[in-house]
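Close look at the chain arrangement
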Amino acid sequence: VSTQSTGEKLGSTMMKCVVPTDGKCVLVERDIPQPAGREVLVKIHFSALNRADTLQRAGKYNPPPGVTDILGLEMAGEIVQVGPDCSLTFQEGQHVMALLSGGGYAQYCVVDERLLMPVPANHTVEQAGAIPETWLTAFQLLTLVGEVQPGDVVLVHAAGSGVGIAATQLAIGLGARVIGVAGTDDKLENSKRLGAFHTVNYKKTPEFSSEVLEATDGKGANLILDPVGGGAHMSQNCQAAAVEARWVVYGLMGGTEPSPALLGAILRKRLTIRGTTLRARSVEYKGELIQNFVAHALPEFDAGKYAVHVDSSYPLEEADAAHAYMLTNSNMGKILLSVSHL
């Protein structure tokens, strides 16, 4: 462990970062954080956008208590300093990727070593920047929350999103079968390439439950991964769900208005509905999730069985433009922010 201060080690005590101000992403200067306890300091090469960032920018989703107001829930970069209580698992100079509660839209961040993951073999740091939040969210939805079983039919909404692309691959890797739902044909073509056995364009077929039931011989989906929540999708999910299906709500893109069909479907089909977020979970919970994910997924990344999808990359100082693009819902895969040029 280095005895140098962060400023002495890096030749500067200040860094550029992005904070939300009056509904905009604003580039400011802040002190470079000092790693304490089991934290490491990482020089960030790439961060990536998540929909929660757009909500935080708009003042609709505050960070958890004690978490920095700097945007960004994931990053990939290089360890430049380790805290005094760190194990020897990760070393200075090593390239890593990490899940964050905030702070990713910056030149540097501190992160607990339990939230670090090695960059998969044959992957660039840029590709690694697209992995942590979406892939860990998808893995959490499927395993810890959704309790996916081999042979399950998993209905993946927003199949062209970062989480949707990851969930499709992970579900198939865990022995399930996937039906992908999205609003454009190119996203659905990609879902098929990833292995989905059926896809539905909800804009062309608003009553998508009929296709789900037809594709499953009338049985329906055993697990529904739902970032939409209320609105028209909810009544369709009620019809598309199999008996004793698990329904995981992880976003409210369709609002909070429940469907009149919901309670009847819960009772009649014995449904289990669970809500979940990842950001506010404890370090211990996230650490266990990461250990399980690394054990399952890293060999698959190394072998080329799981593919990272990067849609586009913006420089950090153009974070506002990146957010505007995300809100068009036209991206397929992750939108990255490059930092290392600063």
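Residues numbered from 1 in each chain as written. Predicted model: local features only at pLDDT ≥ 70, side-chain atom pairs only at ≥ 80, totals over all residues. Heavy atoms only, no water.

The next thing to look at is the overall build of the protein chain. In terms of helices and strands, the protein chain carries 11 helices and 15 strands. Its C-alpha radius of gyration of 20 Å places the protein chain within 12% of the 20 Å reference for a compact globule of 342 residues. Each of the 342 residues in the protein chain was classed as buried or not, and the buried ones make up 52%. By sequence separation, contacts in the protein chain at least 24 residues apart represent 69% of the contacts at least 6 residues apart. In the form shown here, the protein chain has an accessible surface area of approximately 14200 Å², with 51% of it arising from carbon and sulfur atoms. (Helix = DSSP H or I, 4+ residues; strand = E, 2+ residues; numbered from the N terminus. Rg over C-alpha atoms; globule rule 2.2 N^0.38 Å. Buried < 20%, exposed > 50% of the residue type's maximum accessible area, 1.4 Å probe, protein only. Contact = heavy atoms within 4.5 Å. Areas by Shrake-Rupley, 256 points an atom, 1.4 Å probe, with all protein chains shown as cover.)

A few words now on the sheet that holds strand β12 (residues 241–249). Whether parallel or antiparallel, the strands of a sheet pair through hydrogen bonds between backbone atoms. Strand order in the open sheet formed by six strands is β10-β9-β8-β11-β12-β13, with parallel pairing between adjacent strands. Looking along the sheet, the strands with just one partner apiece sit at the ends: β10 (198–201) and β13 (272–275). Pairs of neighbouring strands in the sheet enclose a mean axial angle of 15°, with direction left out of account. Pairing of strand β8 (residues 153–156) with strand β11 (residues 221–226), which is carried by three bridges, proceeds in the parallel orientation. Along β11, the bridge assignment pairs Val 154 with Leu 223. Relative to the sheet, helix α4 (residues 132–145) contacts β8, β11, β12 and β13, its axis offset from that of β11 by approximately 140°. Helix α6 (residues 185–193) rests against β9 (177–182) and β10 of the sheet, and its axis sits at about 170° to β10. (Pairing = 2+ DSSP bridges. Axes fitted to C-alpha atoms, helices over the stretch in contact; angles between N-to-C directions.)

By the secondary structure assignment, Ala 52 is in helix α2 (residues 51–57). Separated by 237 residues in the primary sequence, Ala 52 and Leu 289 have C-alpha atoms spaced 20 Å apart. Not counting residues within four places of it along the chain, the set of residues in contact with Ala 52 comprises Tyr 61 and Leu 73.

Moving on to α4. Within α4, 12 of the 14 residues are buried, leaving the element largely enclosed by the surrounding structure. What α4 keeps buried is the set Pro 132, Glu 133, Thr 134, Trp 135, Leu 136, Thr 137, Ala 138, Phe 139, Gln 140, Leu 141, Leu 142 and Val 145. Once α4 ends, the next one or two residues include Glu 147, with phi positive near 50°.

Time to look at the pairing of strand β6 (residues 108–112). Counting buried residues in β6 gives four out of five residues, a clear majority hidden from the surface. Direction of pairing for strand β3 (residues 39–48) relative to β6: antiparallel, over a ladder of five bridges. Across the sheet, the residue bridging to Lys 43 is Tyr 108, located in β6.

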